[in-house]
Amino acid sequence: MPYCPHCGTKLEDGQTCTCELAQAAAKQPPQAEQAPPQQATASTAPAAENPVSIVFKKFKRYITSYISNPTQAVRSVMAEEYDFTLPIVLFVVRLLVMGLAIYGLLNKICKVMFSYITTSFLRYGNSTALLTASLTASLPKCLIFGALIAIIGMLLFLAMLYALVKIQQGEASFSEIFKASAANGVPTSALLLLSFLFSFISPTPAMVLIGLAMLCWIISGVRTTQIVSPNNSTGTFALLYFVGVALVIVVGYLIIPALFRQAVGGITASYMGQSIALQDIFNKMSESFKSEFAEEGIRSMGDFFNMAMKQFFEEFSSELWSEIVSIVK
């Protein structure tokens with residue numbers, strides 16, 4: 001049974017109380033129900049994801065897709081017309097791991113050489129002075145010149161590939177070729193990274209892996225060329241690719257060793273508070289060799305090579321003939 005909210009009188013169903021407060025309330029116009037006030041909350045929009053995290057996730061997804069289907073993964077990168085994020089990241093990774101591979105190799109060689117030097121010191125020299133000695137590779141120089149080596153190698157390959165595409169009447173642009181080449185460099189970068197990791201064990205596997213990385217770069221280049229170049233199943237295509245790679249190797253041979261020597265020249269030897277870079281020693285040796293070569297009439301490396309080969313064949317022929325004569329007798 002209902003009650004009057006104002007005076008508490010019991011009411012029948014539908015009955016209105018006759019008290020003054022109930023009558024006054026009945027005369028007021030009905031008010032629309034108002035929604036209960038919402039409590040102020042500290043809810044905020046979700047924060048934007050960190051760009052570095054986005055790039056890392058994209059990189060991780062690409063590596064997974066590349067392992068599953070390399071050709072399809074490279075084509076998916078090329079399909080993103082205005083997005084160069086992933087190719088640039090893969091390109092930078094290639095530069096970094098090249099520098100690390102060179103640093104790891106040189107650093108391990110320095111440790112092996114220093115181990116031999118310390119053995120000699122302990123046997124013949126002053127062991128106290130040995131505490132001041134060190135032989136270290138320069139990480140900044142290795143990274144810089146390693147990156148330059150990777151840049152020059154990739155630019156030479158891109159130029160060759162662009163020329164091949166145009167000869168084959170292809171329509172791929174230079175930016176598309178860059179995307180394909182960068183995206184298809186995963187195996188090469190992986191081998192260079194392994195070279196850096198194995199350099200902590202021994203310089204031999206590090207050097208082998210660097211060599212395998214260069215071989216993998218040539219083999220993977222075939223897939224890159226097939227993706228961007230038409231008529232890639234013809235004998236002409238195979239011949240052009242072979243000639244192009246040979247030219248890249250020849251030009252690289254003329255440029256890259258000088259950059260590698262710069263990285264080697266960054267090795268610093270210290271003893272008794274004095275330090276000297278190998279580059280300074282190389283410069284002094286170079287001047288000494290030049291003066292000696294001038295006395296011998298050697299004006300270029302070609303003359304030196306010819307003289308060395310002539311001397312080798314003369315000695316080899318003499319030894320061979322001596323063996324033949326001794327057997328006959």
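Source: prediction; values computed, not measured. (Residues numbered from 1 in each chain as written. Predicted model: local features only at pLDDT ≥ 70, side-chain atom pairs only at ≥ 80, totals over all residues. Heavy atoms only, no water.)

A. Quick look at the overall build of the chain. Along its length, the chain carries twelve helices and three strands. Within the chain, the fraction of its 329 residues that count as buried is 31%. Partitioning the intrachain contacts of the chain with sequence separation of at least 6 by distance along the chain shows that 67% fall at a separation of at least 24. Surface exposure of the chain reaches about 21,800 Å², of which carbon and sulfur atoms provide 65%. (Helix = DSSP H or I, 4+ residues; strand = E, 2+ residues; numbered from the N terminus. Buried < 20%, exposed > 50% of the residue type's maximum accessible area, 1.4 Å probe, protein only. Contact = heavy atoms within 4.5 Å. Areas by Shrake-Rupley, 256 points an atom, 1.4 Å probe, with all protein chains shown as cover.)

B. Region of the structure containing the pairing of strand E3 (residues 274-277). In this sheet, E3 lies alongside strand E2 (residues 268-271) in antiparallel orientation, the contact comprising four bridges. In the sheet register, Ser270 faces E3, and the bridge partner there is Ser275. Adjacent in sequence and paired antiparallel, E2 and E3 are bridged by two residues, among which Met272 carries a positive phi angle near 55°. (Pairing = 2+ DSSP bridges.)

C. View of helix H6 (residues 139-167). Over its 29 residues, H6 runs 42 Å from end to end, which matches the ideal 42 Å to within 8%, given 1.5 Å per residue. Residue Ser138 occupies the N-cap position of H6, its side-chain oxygen lying 3.4 Å from the main-chain nitrogen of Lys141. Gln169 occupies a position one or two residues after H6 and carries a positive phi of about 60°. (Expected span 1.5 Å × (residues − 1). Polar contact = N/O pair within 3.5 Å; in protein donor to acceptor, adjacent residues only side chain to side chain.)

D. The confidence of the model for the chain, seen in detail. Mean pLDDT for the chain: 81, with 78% of residues reaching 70 or above. Of all helices and strands in the chain, the one with the weakest mean pLDDT is helix H5 (residues 127-130) (65), whereas helix H8 (residues 186-198) scores best (95). (pLDDT = per-residue confidence, 0-100.)

E. Representation of the nonpolar core. Counting 60 residues, the largest nonpolar core has Tyr62, Val74 and Val228 as the members making the most contacts within it. Listed by contribution, the elements that provide at least two residues to this core are helix H2 (51-68), helix H3 (70-79), helix H4 (85-124), H6, helix H7 (174-183), H8, helix H9 (203-228) and helix H10 (235-265). The dominant element in this core, judged by the number of residues it contributes, is H4, at 13 residues. In contact with Val74, not counting residues within four places along its chain, are Tyr62, Tyr66, Ala180, Ala183, Asn184 and Ile227. (Core = buried A, V, L, I, M, F, W, Y, C linked by side-chain atoms within 4.5 Å.)

F. Molecular detail of the environment of Ser173. Secondary-structure assignment places Ser173 in the loop between H6 and H7. In the structure, Ser173 is positioned eleven residues away from Tyr162 in sequence and 7.8 Å away in space, judged by C-alpha atoms. Side chain to side chain, Ser173 and Ser175 meet in a polar contact 3.0 Å long.

G. Local environment of the sheet that holds E2. Spatially, E1-E2-E3 is the arrangement adopted by the three strands of the open sheet, whose pairing is antiparallel. Bordering the open sheet on either side are strand E1 (134-136) and E3, each of which pairs with just one other strand. On average, adjacent strands in this sheet sit at an angle of 15° to one another, irrespective of strand direction. (Axes fitted to C-alpha atoms, helices over the stretch in contact; angles between N-to-C directions.)

H. Broad picture of a negative patch on the surface. A surface patch of like charges, here negative, comprises Glu314, Glu315, Glu319 and Glu323. Secondary-structure assignment places Glu323 in helix H12 (residues 301-328). (Patch = residues over 30% accessible without salt bridge, like charges linked within 9 Å, V, L, I, M, F, W, Y side chains within 5 Å. Salt bridge = Lys/Arg side-chain N within 4 Å of Asp/Glu carboxyl O. Lys, Arg positive; Asp, Glu negative; His and termini not counted. Charge placed at Lys NZ, Arg CZ, Asp CG, Glu CD.)

I. Seen up close, the packing of aromatic side chains. Enumeration according to the criterion identifies five aromatic pairs in this entry. Centroid distance Phe91 to Phe178: 5.7 Å. Interplanar angle 70°. Geometry classified as edge-to-face. On the criterion of sequence distance, the pair formed by Phe91 in helix H4 and Phe178 in helix H7 is long-range, its members being 87 residues apart. A relative accessible area of 17% means that Phe178 is categorised as buried. For the pair Phe157 and Trp217, a centre-to-centre distance of 5.7 Å together with 65° between the ring planes defines the contact as edge-to-face. (Phe/Tyr/Trp six-rings, centres within 6.5 Å; stacked < 30°, edge-to-face > 60°.)

J. Molecular detail of unusual backbone geometry. One non-glycine residue with positive phi stands out, namely Gln169, at about 60°. By secondary structure assignment, the location of Gln169 is in the loop between H6 and H7. Gln169 gets classed as exposed once you look at its relative accessible area, which sits at 68%.

K. How the structure looks around the pairing of E2. Bridge count for E1 against E2 is three bridges, and the pairing is antiparallel. Bridging from a neighbouring strand, Leu135 pairs with Ala269 of E2.

L. Spotlight on the packing of H6 against H10. Two elements in contact, H6 and H10, have axes whose closest approach is 9 Å; the angle formed by their N-to-C orientations is 160°. Looking at the two axes, H6 sits roughly antiparallel to H10. Helix-helix and strand crossings are classified by hand; for H6 and H10 the assignment is right-handed. (Parallel < 35°, antiparallel > 145°, perpendicular 65-115°, else oblique. Left-handed = near helix turned anticlockwise from the far one by under 90°.)

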